[in-house]
Amino acid sequence: MSREPIGIVGVGQTPYRRSNPGLSAGELVKIAVDEALADAGLGIDAIGAVIGGVAPDALAGIKDIDRMSISVPGRPYFRVNTGGATGSSIVQAALAWIGAGRADTVLVVALERMGQASTAQSIFNTIFDPIYEKDFVLTTITMAALRASMLVKRHGFTEQHWAGIASRNFTNAVDNPLAIGARALTPEQVLASPMLAWPIHRYEACPTTEGACALVLSRAGVIGCAHSTAWIHGMGGSSDTYSMGERMNRPEGSLIEMVPLRRAAEAAYRQAGITDPGRQVRVFELQAPFSIIEAMAYPALGLCEVERSRPFVDEVLAGATGIEFNPSGGAQAVNPVSATALIRIAEAAQQARGLAGARQRDGVRRAVATGQGGATQFSTVCVLSADQPGD
Amino acid sequence: MNMPAEDLLRLPGSWNFDYTYFAGETASRFFAELRDNKRILGRRCPSCQRLVIPARSYCDACYVEMGDWEPVGETGTIEAFTILTRAFPGLPEPPLVIAFVTLDGADSAVLNFVEGVDLDDQDAAGAYLFDNDRVRVVFSEKREGRITDFHFESILG
């Protein structure tokens, strides 16, 4: 690419917990923004535009909650909503904004305030089609469970596979000081948890989480050469048909083949010059709030053939791939819906910069973060490295 | 600041609005056929040739207007299912089975409840549904022009 490289120069995250009765929405955002600006070594005056990310407002119970918490007076502001992919979609928007020469530096902020909701799954039912689908108890949980049945039938997955992936994610989260209340779980403990919707157990899903995440992105020309930067080497995004029934059986791939994620990965890898992701990417931070979604993502990310979905999970669980998945614990440990895909990019950026603390993995030349939203309708893939593109 | 938790203000709230959802002509005809003629009709895409159920006015994949109306069979195959085991406020009471079913002759799947499955043992019910994935359409006696005017019933294997 001949375009000027763009990098992440500041990362800010609140701790993630079920609810924050001690903080207003704006106060939550300010913690993340202050930290991101300090990390970037910039003041708010250096920010040319602010892009906010909030998914369903009803989770907070305040319509357009970003107006009171994210927009900054005197600057261009807009909000993006692609469900669970919202956080990564705002990074895509920032890349376009900077790439078009509209600003040198953009602040992206995602906020989740779902701890205020007493019935999150009833709210998630409202994202489905009221004419044809909503009557049938579709929620984010049943949506995942429907896919799990396809994975079992087509690939022979067992509950041990889901439990194994979940156990690794919850155990990794213990090293993440931002995942408040994280505790390691064995596969047996995962399987002993209550059934939410057969065959999905409680700990094969994600918790209710609040929090905010902010990133500062700049173009290469304004980044000091000494500043620790996670350069964006590739970013792909794709969308798919809304109706899950229409995605069930298609030549380009079934509902469990995550066609938009595959397309996003192909675009991002092409930009980044990645031809063998299994060998060229050390860390993946996956937006997979359910362990079954992580199993679906591996082939879509080019890590195995679709036919080898199950043996590949066996290899992952045996630690035989040389790839580190979700050092932070991923979206199963904390899943603040609006922010979760941005957290994946923040965590991958810190891995690339070598700033991930106790959860830092060694030899991270490249890290990849995914975003996933709207019943696997929206997908993004972002490739990050400490090496400046073109060097 | 470290205010004691009991001193933090917590205001009760709710968000209850009433709506009227507009289905449009194609979905309205789909429902009229269900209600008046106990028929399930879809429309075929003139570009990709898929017969889509429930009926749509345009093909989302090809972004062209759908063509002719065509009936599909009243038996079909389960593509994906789950057994609902946990109650959520405002949603139907478990245990229930929901499934995406491709009706014979259709090229997409339609979501509905599956009845006629013993749900006392969830693992056994799940295994049964993997082995017996054929269902038939059962129309309700009293139909009101809604997607709930029919459900699926497992065809015993």
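These remarks concern the structure in this document. Keep in mind the model is a prediction, meaning the values are calculated, not measured.

## A short note on the overall build of chain B
Then comes step 1: Of the regular secondary structure elements, chain B holds 2 helices and 10 strands.
Then comes step 2: Listing the helices and strands of chain B from first to last along the sequence gives α-β-β-β-β-β-β-β-β-α-β-β.
Then comes step 3: Against the compact-globule benchmark of 15 Å for 157 residues, chain B has a radius of gyration of 21 Å, which places it well outside the compact range.
Then comes step 4: Dimensions of chain B, computed from C-alpha atoms along their principal axes, come out at roughly 65 × 40 × 35 Å.

## What about the interface of chain A and chain B?
Then comes step 1: Contacts between chain A and chain B engage 43 residues on the former and 47 residues on the latter.
Then comes step 2: Overall, the association of chain A and chain B removes approximately 4000 Å² of surface from exposure, summing both partners, and the carbon and sulfur fraction of that is 66%.
Then comes step 3: If you look at where chain A meets chain B, you find 5 salt bridges.
Then comes step 4: Note that B:Arg56 is salt-bridged to A:Asp129, the shortest N-O span being 3.9 Å.
Then comes step 5: For the side of chain A that touches chain B, the secondary structure elements donating two or more residues are helix 4 (120-125), helix 5 (140-155) and strand 5 (195-198) of chain A.

## As for the sheet that holds strand 12 (residues 378-385) of chain A
Think of a sheet as strands paired side by side through backbone hydrogen bonds, with each pair either parallel or antiparallel.
All names here are of chain A.
Then comes step 1: Spatial strand order, 3-2-4-7-1-8-12-11-9-10: 10 strands in an open sheet with mixed pairing. Because the sheet does not close on itself, it has two edges, and the strands there are strand 3 (77-80) and strand 10 (324-325).
Then comes step 2: Examined bridge by bridge, strand 11 (residues 367-373) and strand 12 share 7 bridges and lie antiparallel to one another. Bridge pairing links glutamine 372 to serine 379 in strand 12.
Then comes step 3: The sheet contacts of helix 1 (residues 25-40) involve strand 1 (6-13), strand 4 (105-112) and strand 7 (211-219), and relative to strand 1 the element is tilted by about 135°.

## A few points about the packing of helix 10 (residues 291-300) of chain A against helix 11 (residues 309-317) of chain A
All names here are of chain A.
Then comes step 1: Interaxial distance between helix 10 and helix 11 falls to 10 Å at its minimum, and their mutual angle equals 110°. Overall, the two elements helix 10 and helix 11 adopt an arrangement that is roughly perpendicular. Taken together, the residues of helix 11 that come into contact with helix 10 (itself represented by Ala295, Tyr298 and Pro299) are Ser309, Phe312, Val313 and Val316.
Then comes step 2: Counted by class, the contact of helix 10 with helix 11 contains 6 nonpolar, 1 polar and no charged residues.

## Structural notes on a negative patch on the surface
Then comes step 1: A contiguous patch of negative charge on the surface is contributed by A:Glu159, B:Asp118, B:Asp120, B:Asp121 and B:Asp123.
Then comes step 2: Mapped onto the elements of the fold, B:Asp118 is located in the loop between strand 8 (110-115) and helix 2 (122-131).

## Thoughts on the sheet that holds strand 2 (residues 51-52) of chain B
All names here are of chain B.
Then comes step 1: With antiparallel pairing, the 3 strands of this open sheet are ordered in space as 2-1-5. Looking at which strands have only one partner, the edges of the open sheet turn out to be strand 2 and strand 5 (69-71).
Then comes step 2: Bridge count between strand 1 (residues 41-44) and strand 2: 2 bridges; the pairing is antiparallel. Bridge pairing in strand 2 links arginine 43 to valine 52.
Then comes step 3: Those strands touched by helix 1 (residues 24-37) are strand 1 and strand 5, and its axis lies near 145° from that of strand 1.

## Quick word on the pairing of strand 9 (residues 134-139) of chain B
All names here are of chain B.
Then comes step 1: Only one face of strand 9 is covered, namely the one carrying Val135, Val137 and Phe139; the face carrying Arg134, Arg136 and Val138 has none of its residues buried.
Then comes step 2: Note: strand 6 (residues 75-84) against strand 9, 3 bridges, orientation antiparallel. Each bridged residue has a counterpart across the sheet, and for threonine 77 the counterpart in strand 9 is arginine 134.

## What to know about helix 8 (residues 259-272) of chain A
Residue and element names in this part refer to chain A.
Then comes step 1: Helix length check: helix 8, at 14 residues, gives a terminal C-alpha distance of 20 Å against a target of 20 Å (1.5 Å per residue), a fit within 8%.
Then comes step 2: Buried within helix 8 we find Val259, Pro260, Leu261, Ala264, Ala265, Ala267, Ala268, Tyr269 and Ala272.
Then comes step 3: Buried positions along helix 8 lie against strand 8 (230-239), helix 9 (277-280), strand 9 (283-285), helix 10, strand 11 and strand 12.
Then comes step 4: Following helix 8 by one or two positions, glycine 273 has its phi on the positive side, about 70°.

## Comments concerning the pattern of salt bridges
Then comes step 1: In total, this model carries 35 salt bridges over all chains according to the counting rule given.
Then comes step 2: Linking A:Arg219 and A:Glu4 is a salt bridge whose minimum nitrogen-to-oxygen distance equals 3.0 Å. With A:Arg219 in strand 7 and A:Glu4 in the segment before strand 1, this residue pair connects regions lying 215 residues apart in the sequence.
Then comes step 3: A salt bridge links B:Glu33 to B:Arg29; the shortest N-O distance between them is 3.5 Å. Here B:Glu33 and its partner B:Arg29 are both found in helix 1, 4 residues apart, which amounts to about one turn of the helix.
Then comes step 4: Residue classification places B:Glu33 among the buried residues on the basis of a relative accessible area of 7%.
Then comes step 5: The exposure class assigned to B:Arg29 is partly exposed, which follows from its relative accessible area of 35%.
Then comes step 6: Put simply, A:Asp57, A:Lys63, A:Asp64, A:Asp66 and A:Arg79 are held in one network by salt bridges that share partners.

## With respect to the environment of B:Phe30
Then comes step 1: Position of B:Phe30 relative to the elements: it lies in helix 1.
Then comes step 2: Along the backbone, B:Phe30 and B:Leu41 are 11 residues apart, and their C-alpha atoms lie at a distance of 6.3 Å.
Then comes step 3: Excluding its chain neighbours within four sequence positions, the residues that come into contact with B:Phe30 are A:Tyr132, B:Ile40, B:Leu41, B:Pro54, B:Ala55, B:Trp69 and B:Ile147.

## Remarks on the side chain of B:His151
Residue and element names in this part refer to chain B.
Then comes step 1: Positionally, histidine 151 belongs in strand 10 (residues 150-154).
Then comes step 2: What makes histidine 151 buried here is its relative accessible area of 16%.
Then comes step 3: A distance of 3.4 Å separates the side chain of histidine 151 from the side chain of glutamate 115, its partner in a polar contact.
Then comes step 4: Among all residues touching histidine 151, those that are not within four sequence positions of it are Asn112, Phe113, Glu115, Arg136, Val137 and Val138.

## Looking at the packing of aromatic side chains
The geometry of an aromatic ring pair is captured by the separation of the ring centres together with the interplanar angle, meaning the angle of the planes.
All names here are of chain A.
Then comes step 1: What the rule picks out here adds up to 19 aromatic pairs over all chains.
Then comes step 2: Taken together, a centroid distance of 5.0 Å and an interplanar angle of 35° make the contact between phenylalanine 157 and tryptophan 162 tilted.
Then comes step 3: The exposure class of phenylalanine 157 is buried, given its relative accessible area of 3%.
Then comes step 4: Relative accessible area serves as the criterion here: at 1%, tryptophan 162 is assigned to the buried category.
Then comes step 5: An aromatic cluster is built from Phe284, Tyr298, Phe312 and Phe325, whose rings are joined through pairwise contacts.
Then comes step 6: Its guanidinium or amino end placed over the ring of tryptophan 97, arginine 102 lies 5.4 Å from that ring's centre, counting from NZ or CZ.

Conventions used here
- Residues numbered from 1 in each chain as written.
- Chains lettered and ligands numbered in written order.
- Predicted model: local features only at pLDDT ≥ 70, side-chain atom pairs only at ≥ 80, totals over all residues.
- Heavy atoms only, no water.
- Helix = DSSP H or I, 4+ residues; strand = E, 2+ residues; numbered from the N terminus.
- Rg over C-alpha atoms; globule rule 2.2 N^0.38 Å.
- Contact = heavy atoms within 4.5 Å.
- Buried area = accessible area lost by both parts, 1.4 Å probe.
- Salt bridge = Lys/Arg side-chain N within 4 Å of Asp/Glu carboxyl O.
- Pairing = 2+ DSSP bridges.
- Axes fitted to C-alpha atoms, helices over the stretch in contact; angles between N-to-C directions.
- Parallel < 35°, antiparallel > 145°, perpendicular 65-115°, else oblique.
- Nonpolar A, V, L, I, M, F, W, Y, C, P; charged D, E, K, R; others polar.
- Patch = residues over 30% accessible without salt bridge, like charges linked within 9 Å, V, L, I, M, F, W, Y side chains within 5 Å.
- Areas by Shrake-Rupley, 256 points an atom, 1.4 Å probe, with all protein chains shown as cover.
- Lys, Arg positive; Asp, Glu negative; His and termini not counted.
- Charge placed at Lys NZ, Arg CZ, Asp CG, Glu CD.
- Buried < 20%, exposed > 50% of the residue type's maximum accessible area, 1.4 Å probe, protein only.
- Expected span 1.5 Å × (residues − 1).
- Polar contact = N/O pair within 3.5 Å; in protein donor to acceptor, adjacent residues only side chain to side chain.
- Phe/Tyr/Trp six-rings, centres within 6.5 Å; stacked < 30°, edge-to-face > 60°.
- Lys NZ or Arg CZ within 6 Å of the ring centre and 35° of its normal.

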